[in-house]
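Chain by chain, the residues run as shown.
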Amino acid sequence: MSVGAPSRRDALAGGALVVAFSMTGHARAQEARGPQKTVPPALPGSLKTTPWLDAWIRVDVTGQITVFTGKAELGQGIKTALIQIAAEELDVPPQSLRLITADTGQTPNEGFTAGSHSMQDSGTAILNAAANVRMILGQAAARRLGVAADLLATTGEGRFKAPDGRLAGYGELAAGLSLHVEAQPNAPLRSRQGGKLMGQDYPRVDIPAKVTGGQAYVQDLRLPGMLHARVVRGPSFGTELTGPDFAAAQAMPGVVAVARNGRFAAVIAEREWTAVQALQRLQQAAWRRTAPPLPEGRPEAGLSGASQDQVIFDKPGGAGGAKTVKARYSRPWLMHAAVGPSCAVALLRNGQMTVWTHSQGVYPLRGALAQLLRMPPDKVRCIHVEGSGCYGHNGADDVAADAALAALAVPGRPVRMQWMREQEHGWEPLGCVQVGEAEASLDASGRIAHFRYEVWSHSHNGRPMTAGGLVAGAEVDPPFPPQVPRPIPMPEGGGDRNAIPIYAVPAGRVVSHFVRDAPLRASALRSLGAHLNIFAIECFMDELAKAAGADPVAFRLAHLDDPRARDVVSRCAEAFGWAARRPSDGRRGAGFAFARYKNLASYCAVALEVEVEHETGAVKVGRVTAAVDAGEAVNPNGLQNQIEGGIVQALSWAGLEAVGFDAAHRTSFDWSAYPIARFKDVPRSVAVQVIDRPGLPFLGAGEASQGPASAALANAVADACGARIRDLPLSPERVKGAIGV
Amino acid sequence: MSFVLTINGRDHPVDASPETPLLYVLRDDLRLNGAKFGCGLGQCGACTVQVDGKAAYACLLPVAAAAGRRIRTVEGLGTAEAPSPLQKAFMVEQAAQCGYCIAGMIMRAQALLDATPRPTEAEIRAHMQPNLCRCGTHMRILRAIRRAAGLPVEAASA
């Protein structure tokens, strides 16, 4: 959603400077191909793919500055951080800026808002684009005022000032030049001279509306003449209703249409409650499974299928240590489970389809929708509007397709489509089951001599690049072929993300097994395979430390060379009071874990204390301490919020969650069948230490804490009661069973 | 059927079938954004409003049963410019990520503070138990409630 969207009049005002970049042939060609490298790689962040300054920043004659990002606000606070960056470099008040987020009609194509990439990609691009704009405006001011550019100073409210006091405003300067020029790689950065805004806890711009009932979400959009729709499906992915009574639904008062195409169906009504009632009527029909039966029994049963195997780390030698340790870890299928079911609004008018969506990738979605609707891509516009929490690929894209298909049936009328709770639980893509197997030998001095790790995983990337990646794509007639799952290559990796130990090992081997065919619908869940791999390796480090008779933190430090990693581990241990912690007494204990996300992004360590109730197996988390190094921290409070949230969410995953299924369908259809952490389950306190690295690249923090938090929990339970639980979740039944009471 | 709903101190005539959940009337007829659809099952609290001073699930309460009772939504507490003490505490603590659950959180917490101005930590957690947050903002929500109650914002032992 835009923050104060500029009108077309604004865009056309002032002439020279504002060139609607999306209208240029170059930009259009670029969209058709997707992001391409068009300039030497010296340009940082997303300037690599979109080098034009006016794609990122425009200044109208009045001096109003509008900033554009292809990334989307997901509740992670990206809008606020980007405003801070742009205001800092342009030296203007942050509240004076307008920010337009992901919109295929207005913003650069920055692919998906995912993988903790927004700060690296868009933050870096806007930082440098803003520095370029300030430099160009400064040069123009120097010409106008007849003084050398280095004698000019910015005033903090959008003007340059000469030593004699004469002023030149950004608006008047911008009117005389074009920003449709490529960025230069080395424009001087104001923020490097000790900025005043970056590094501050500037309040999130979206919070006031969210706490007072302002319009904040796509769920809140109310367009003139808008209709309400519900999609008609079986209880979960891989099922369909048999013979729903469409005639009865159509005959219900207030039902405007039943949109049908092949097996796709949606009821459209004047009022939302009517649409819900019509859906409930249709859901009285029987259902059947259309996909092969699901494998009952152990959740990882599906991983025994054919795999593509790849050695991703190989350092020969080192065999034959004094002591060998071996262990196998797993996690079950997990759900994103946003509190608000997915929603979209679509409008077909004059041959143009506009979709308001909380998709993480408006450009890829536009491509998939164009295929699905059999419309040219330039006739489809996708505009990001915030939705309920986004923790990866959920139902956002699917419901956008459902809304668009429904809108085809009622041209000229906007259609608001929202999934029901059971549809979100039943149809959203899941984070897949994974298994990791570790084996290591220790030398006589207790150091790791050899490290072997193997991971088995399905795909972590089912995001729609074609219509076949959308639920509706398989339902329309003729159906689109399903997307073929592919592994995500290293260095970021998918199922094998963080499978290579960050620790110094003299020899070792890591093998990634990609099992393409998954029984359930698999795609990206926050941190992808890093969750299981960090859980496994960090639990295993504790098991090795125990075998070596070493303290877990000391054992990690003994195998860490990177000074930033060592800092994070030490700072976390110190803040927690690790060295002086209370010895375990059979009920209470403490656990520690550390990772660098993807082995190339943020560093995060987590220490926590638990109390295990022997009678029930319940694990109560007390104090949690984390330390994080995410490079330069633009908004430390926002960074802490991300790390805290990641920890609390991961403790819910690790302590409670597993998607249930039988042969026919998912059985986790609501919050009673898929419990997540509530207030009585969350820690007593969470404190996050931010290690700021001014001037160093932004590393992103949305996915840094999930792996460490999950492993720290299992390590604390093992410390507390001696029960080493290697399969997630650490449910009360499992803990009780492991204690053996 | 016609009903008169008393919302945030004002009477609103509405026309809806009697079994319509209050939530849809608030959102679609009265254009109030605060109460959210989360589950329609009374399991998540995203739709929480106050009815006669008590926290209630707007997704379960038929409009016919809501008529004649005092209904309060987050819009009735304050505005972005003039927030209520509890809304202000949520802003100060930056107690939101996606924020979809937050209006419901505020309305449930307000019901607690109305009845028990200085609750214990255990009372706060027990009272807030029905409401779900998936972003993991719980620690900040708890701090905001403590702040609004004039309690130390750091957690005491539960």
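Residues numbered from 1 in each chain as written. Chains lettered and ligands numbered in written order. Predicted model: local features only at pLDDT ≥ 70, side-chain atom pairs only at ≥ 80, totals over all residues. Heavy atoms only, no water.

### Things to note about the overall build of chain B
Turning to step 1, where the next piece is worked out: Check the secondary structure of chain B and you find 6 helices and 5 strands.
Turning to step 2, where the next piece is worked out: In sequence order, chain B lays out its α and β elements as β-β-α-β-β-α-β-α-α-α-α.
Turning to step 3, where the next piece is worked out: What you see for chain B is a C-alpha radius of gyration of 15 Å, in line with the 15 Å of a compact globule of 158 residues.
Turning to step 4, where the next piece is worked out: For chain B, the spread of C-alpha atoms along the three principal axes comes to 50 × 30 × 25 Å.
Turning to step 5, where the next piece is worked out: In chain B, buried positions account for 60% of the 158 residues.
Turning to step 6, where the next piece is worked out: Across chain B, contacts joining residues at least 24 apart in sequence account for 55% of those joining residues at least 6 apart.
Turning to step 7, where the next piece is worked out: Total accessible area on chain B is roughly 5600 Å²; 53% of this is exposed by carbon and sulfur atoms.
Turning to step 8, where the next piece is worked out: Here chain B contributes 17 positively and 13 negatively charged side chains, and the mean placements of these two sets differ by 7 Å. (Helix = DSSP H or I, 4+ residues; strand = E, 2+ residues; numbered from the N terminus. Rg over C-alpha atoms; globule rule 2.2 N^0.38 Å. Buried < 20%, exposed > 50% of the residue type's maximum accessible area, 1.4 Å probe, protein only. Contact = heavy atoms within 4.5 Å. Areas by Shrake-Rupley, 256 points an atom, 1.4 Å probe, with all protein chains shown as cover. Lys, Arg positive; Asp, Glu negative; His and termini not counted. Charge placed at Lys NZ, Arg CZ, Asp CG, Glu CD.)

### Examining unusual backbone geometry
Residues and elements named next belong to chain A.
Turning to step 1, where the next piece is worked out: With an omega dihedral of -5°, the bond running from D477 to P478 counts as a cis peptide bond.
Turning to step 2, where the next piece is worked out: Considering the arrangement of structural elements, one finds P478 in the loop between β19 (448-457) and β20 (508-514).
Turning to step 3, where the next piece is worked out: Here the residue pair M490 and P491 is connected by a cis peptide bond, since its omega of 15° sits within 30 degrees of zero.
Turning to step 4, where the next piece is worked out: Tracing the chain through its elements places P491 in the loop between β19 and β20.
Turning to step 5, where the next piece is worked out: Notably, A337 is not glycine yet its phi reads approximately 55°, a positive angle.
Turning to step 6, where the next piece is worked out: The topology assignment puts A337 in the loop between β13 (323-331) and β14 (343-349).

### What to know about the domain arrangement of chain B
Residue and element names in this part refer to chain B.
Turning to step 1, where the next piece is worked out: Taken domain by domain, chain B comprises domain 1 (2-76) and domain 2 (85-148).
Turning to step 2, where the next piece is worked out: Computed over C-alpha atoms, the centres of domain 1 and domain 2 are 20 Å apart.
Turning to step 3, where the next piece is worked out: The interface is formed by 17 residues belonging to domain 1 together with 13 residues belonging to domain 2.
Turning to step 4, where the next piece is worked out: The junction of domain 1 with domain 2 conceals about 1200 Å² of combined surface from both sides, 55% of it contributed by carbon and sulfur atoms.
Turning to step 5, where the next piece is worked out: Counting across the interface, domain 1 meets domain 2 through 1 salt bridge.
Turning to step 6, where the next piece is worked out: Between D114 and R72 there is a salt bridge, and its shortest N-O distance comes to 3.4 Å.
Turning to step 7, where the next piece is worked out: Put simply, domain 1 and domain 2 have 7 residue pairs in polar contact (both at pLDDT 80 or more) between them.
Turning to step 8, where the next piece is worked out: At the level of secondary structure, the elements contributing two or more residues to the side of domain 1 that touches domain 2 comprise β3 (48-51) and β4 (54-57).
Turning to step 9, where the next piece is worked out: Among the residues forming the side of domain 1 that touches domain 2, the class breakdown is 7 nonpolar, 7 polar and 3 charged. (Domains from an automatic or database assignment. Buried area = accessible area lost by both parts, 1.4 Å probe. Salt bridge = Lys/Arg side-chain N within 4 Å of Asp/Glu carboxyl O. Polar contact = N/O pair within 3.5 Å; in protein donor to acceptor, adjacent residues only side chain to side chain. Nonpolar A, V, L, I, M, F, W, Y, C, P; charged D, E, K, R; others polar.)

### Some thoughts on the pairing of β14(A)
Sheet faces and side chains relate simply in a regular strand, where the side chains alternate between the two faces.
Residues and elements named next belong to chain A.
Turning to step 1, where the next piece is worked out: The element β14 is extensively covered by neighbouring structure, given that 6 of its 7 residues are classed as buried.
Turning to step 2, where the next piece is worked out: Where β14 lies against strand β17 (residues 415-418), 4 bridges are found, and the strand directions are antiparallel. Bridged to A346 within β17 is V415.
Turning to step 3, where the next piece is worked out: Strand direction decides the pairing type here: β14 and strand β15 (residues 352-357), joined by 6 bridges, are antiparallel. Residue pairing across strands places A346 opposite V355, the latter belonging to β15.
Turning to step 4, where the next piece is worked out: The hairpin turn running from β14 into β15, its antiparallel successor, is 2 residues long, and N350 in that turn takes a positive phi close to 50°. (Pairing = 2+ DSSP bridges.)

### Notes on the domain arrangement of chain A
Residues and elements named next belong to chain A.
Turning to step 1, where the next piece is worked out: On domain assignment, one finds that chain A holds domain 1 (8-212), domain 2 (218-290 + 338-427) and domain 3 (434-460 + 495-739).
Turning to step 2, where the next piece is worked out: The centre of domain 1, based on its C-alpha atoms, is set 36 Å off from the matching centre of domain 2.
Turning to step 3, where the next piece is worked out: Contacts between the two partners involve 21 residues from domain 1, matched on the other side by 13 residues from domain 2.
Turning to step 4, where the next piece is worked out: For the domain 1 and domain 2 pair, buried surface summed over both sides reaches about 1500 Å², with 51% attributable to carbon and sulfur atoms.
Turning to step 5, where the next piece is worked out: Three residues, L74, T104 and F112, lead the burial of domain 1 against domain 2; their summed loss comes to 38% of the area buried on that side.
Turning to step 6, where the next piece is worked out: Seen at the junction of domain 1 and domain 2, the total is 3 salt bridges.
Turning to step 7, where the next piece is worked out: A salt bridge links E386 to K210; the shortest N-O distance between them is 2.7 Å.
Turning to step 8, where the next piece is worked out: Where domain 1 touches domain 2, the interface holds 6 residue pairs in polar contact (both at pLDDT 80 or more).

### Remarks on the state of the cysteines
Residue and element names in this part refer to chain B.
Turning to step 1, where the next piece is worked out: What the rule picks out here adds up to 0 disulfides over all chains.
Turning to step 2, where the next piece is worked out: Note on C39: no disulfide assigned, nearest cysteine sulfur contributed by C44 at a separation of 3.8 Å.
Turning to step 3, where the next piece is worked out: The exposure class of C39 is buried, given its relative accessible area of 5%.
Turning to step 4, where the next piece is worked out: Note on C135: no disulfide assigned, nearest cysteine sulfur contributed by C98 at a separation of 3.8 Å. (Disulfide = S-S within 2.5 Å.)

### Digging into the interface of chain B and chain A
Turning to step 1, where the next piece is worked out: Listed by partner, the interface residues are 62 residues for chain B and 66 residues for chain A.
Turning to step 2, where the next piece is worked out: Carbon and sulfur atoms supply 54% of the area that chain B and chain A bury against each other, a total of about 5100 Å² over both sides.
Turning to step 3, where the next piece is worked out: Ionic pairing is found between D220(A) and R27(B), a salt bridge with its closest N-O pair at 2.8 Å.
Turning to step 4, where the next piece is worked out: The tally of links from chain B across to chain A stands at 41 residue pairs in polar contact (both at pLDDT 80 or more).
Turning to step 5, where the next piece is worked out: Every element with two or more residues in the side of chain B that touches chain A is listed here: α1 (22-29), α3 (85-92), α4 (102-115), α5 (121-128) and α6 (138-148) of chain B.
Turning to step 6, where the next piece is worked out: Per-element tally for the side of chain B that touches chain A: the top contributor is α6(B), with 5 residues.

### Side note on the pattern of salt bridges
Residues and elements named next belong to chain A.
Turning to step 1, where the next piece is worked out: With the rule as written, the count across this model stands at 52 salt bridges over all chains.
Turning to step 2, where the next piece is worked out: For R556, the salt bridge identified is with D542, shortest N-O distance 2.8 Å. In this pair, R556 is assigned in helix α13 (residues 552-558) and D542 in helix α12 (residues 530-548), connecting sequence segments 14 residues apart.
Turning to step 3, where the next piece is worked out: The class of R556 is buried, set by a relative accessible area of 0%.

### Re the nonpolar core
Turning to step 1, where the next piece is worked out: Y453(A), L544(A), F592(A), F594(A) and I643(A) are the most contacted members of the largest nonpolar core, which has 85 residues in total.
Turning to step 2, where the next piece is worked out: Core analysis: the next-biggest nonpolar cluster, separate from the first, contains 62 residues, L303(A), M335(A), W653(A) and M128(B) among them. (Core = buried A, V, L, I, M, F, W, Y, C linked by side-chain atoms within 4.5 Å.)

### Here's the deal with the packing of α3(B) against α6(B)
Residue and element names in this part refer to chain B.
Turning to step 1, where the next piece is worked out: Relative to each other, α3 and α6 sit at 135°, their axes nearing to 8 Å. One finds that α3 runs oblique with respect to α6. For α3 against α6, the interelement crossing comes out right-handed. Residue-level inspection shows P85, L86, A89, F90 and V92 of α3 in contact with α6, the latter providing I141, A144, I145, R147 and A148.
Turning to step 2, where the next piece is worked out: In terms of residue class, the contact of α3 with α6 is made up of 9 nonpolar, no polar and 1 charged. (Axes fitted to C-alpha atoms, helices over the stretch in contact; angles between N-to-C directions. Parallel < 35°, antiparallel > 145°, perpendicular 65-115°, else oblique. Left-handed = near helix turned anticlockwise from the far one by under 90°.)

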